[in-house]
Amino acid sequence: MKQPSIASFGLAACVLALTGCASPTPSPSGTTPPALAADHSVNFPDMDKAWLKGGTFVDVEQLRRIHTGMTKNQVRELISYPHFSEGLFGPREWNYIFNFRTGKGQEYITCQYMVHFDDDVRSQDFHWKGPNCEAMLNPPAAATPVPAAAVAPVATVPSRKVTLGADGLFRFDGGKASDLLPEGRRKIERLAADIRERGEQVLINVVGHTDRLGAEAYNSALSLQRANTVRDLLAQQGLPTRTIRAAGAGEQQPVVQCQGDTATPQLVSCLQPNRRVEIEVISGR
């Protein structure tokens, strides 16, 4: 008796074509992660094939926290979803396009970053493509403070996440378009209208979630079905289909924990926040 939700993903910024060689990124401990297996060539995808052209201005502090042995969920929490349509759960590689400010006005460099996962789907090694890219993770040397008034503000890429309760979106145990409740449909339509009115170039990640009641395989399928339904409705409202991705997380990412295994009314009510649809809207530059 699970009900999923939808989550989100996305990103964008201007891109400079760069060339360079790949090199492994040191882990926080200062040791170098294991090298790629000899039969695994480091082939970066063409940047033009990214979901949104230009990548993102990455949070360097978050990127520094990436290390070997992390799950895909842990990597995603730090640097979001990959920028190429290589899937979320099966692929062994996640590829990104990151932009770094050089400190010279609005100048920046663009780099490609690869996370490679091992047989246990844990981060194994990391690679960069682009000159001086890995060096951008080094903490800046101490410098004389500059008066705040003299520092030009740096624009950031806006991102927002909308969480909708699955109970208010779909009829009980339903995930098809015909199961959408009237108010749930209106909420999604209003979100699409807001994005259109802003005139933004965006990447939209839709993720469905359920509670832990019921069979895991069923919950996974239901969460994906609901995510796909929301994705299709957003596309029907005029948003480009190629910029909307859908995924079902099933019961794997709860936001609350509740005692008990029997589906009593009290337990069902307690688990309600886990039955959700998350829509992340990441704006381009």
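These lines cover the structure that appears in this document, whether it is placed above or below. (Residues numbered from 1 in each chain as written. Predicted model: local features only at pLDDT ≥ 70, side-chain atom pairs only at ≥ 80, totals over all residues. Heavy atoms only, no water.)

Structural notes on the sheet that holds strand β7 (residues 244-250)
Reasoning step 1: Spatially, β5-β8-β6-β7 is the arrangement adopted by the 4 strands of the open sheet, whose pairing is mixed. Edge positions in the sheet fall to β5 (159-165) and β7, since each of these pairs with one other strand and no more. Pairs of neighbouring strands in the sheet enclose a mean axial angle of 15°, with direction left out of account.
Reasoning step 2: Across 7 bridges, the pairing between β5 and strand β8 (residues 276-283) is antiparallel. Across the sheet, residue K161 finds its bridge partner in β8, namely E280.
Reasoning step 3: Against the sheet, helix α5 (residues 216-236) contacts β6 (202-209), β7 and β8, and its axis sits at roughly 160° relative to β7. (Pairing = 2+ DSSP bridges. Helix = DSSP H or I, 4+ residues; strand = E, 2+ residues; numbered from the N terminus. Axes fitted to C-alpha atoms, helices over the stretch in contact; angles between N-to-C directions. Contact = heavy atoms within 4.5 Å.)

Some words on the side chain of D211
Reasoning step 1: As for its position among the elements, D211 is in the loop between β6 and α5.
Reasoning step 2: With relative accessibility at 0%, the residue D211 sits in the buried group.
Reasoning step 3: Of note is the side chain of D211, whose polar atom sits 2.8 Å from the side chain of R275. (Buried < 20%, exposed > 50% of the residue type's maximum accessible area, 1.4 Å probe, protein only. Polar contact = N/O pair within 3.5 Å; in protein donor to acceptor, adjacent residues only side chain to side chain.)

Topic: the sheet that holds strand β2 (residues 93-101)
Reasoning step 1: Strand order in this open sheet of 4 strands is β1-β2-β3-β4, and the pairing throughout is mixed. One side of each edge strand has no neighbouring strand; the edge strands of this open sheet are β1 (56-57) and β4 (123-129).
Reasoning step 2: As judged from the 9 bridges shared by β2 and strand β3 (residues 108-117), these two strands associate in the antiparallel manner. Looking at β3, one finds that E93 is bridged to H116.
Reasoning step 3: Packed on one face of the sheet, helix α2 (residues 72-79) meets β2 and β3 and runs near 20° to β2.

A short note on the packing of aromatic side chains
Reasoning step 1: This model, assessed by the stated rule, comprises 8 aromatic pairs.
Reasoning step 2: Ring geometry for Y96 against F98: centres 5.2 Å apart, planes inclined by 25°, an arrangement best described as stacked.
Reasoning step 3: Here F98 falls in the buried class, since its relative accessible area comes to 1%.
Reasoning step 4: Three or more aromatic residues joined by ring pairs form one cluster here, namely Y96, F98, F100, Y113, F126 and W128.
Reasoning step 5: The ring of F117 has K72 lying over it, and the distance from NZ or CZ to the ring centre is 5.2 Å. (Phe/Tyr/Trp six-rings, centres within 6.5 Å; stacked < 30°, edge-to-face > 60°. Lys NZ or Arg CZ within 6 Å of the ring centre and 35° of its normal.)

Side note on the state of the cysteines
Put plainly, two cysteines are in a disulfide when a covalent bond ties their sulfur atoms together.
Reasoning step 1: Taken as a whole, this structure holds 2 disulfides when the rule is applied.
Reasoning step 2: Each sulfur of the disulfide joining C111 and C133 lies 2.0 Å from the other. An S-S torsion of about -90° defines the bridge between C111 and C133 as left-handed. Here C111 is found in strand β3, whereas its partner C133 is found in the loop between β4 and β5, with 22 residues between them in sequence. In this pair, the class of C111 matches that of C133, namely buried.
Reasoning step 3: Linked covalently through their sulfurs, C258 and C270 form a disulfide whose S-S length is 1.9 Å. Where C258 bonds to C270 through sulfur, the torsion about that S-S bond is close to -85°, and the disulfide is left-handed. Taken together, the residues span a long stretch of sequence, with C258 in the loop between β7 and α6 (265-270) and C270 in helix α6 at a distance of 12 residues.
Reasoning step 4: Taking relative accessible area as the criterion, C258 reaches 9% and is therefore assigned buried. (Disulfide = S-S within 2.5 Å.)

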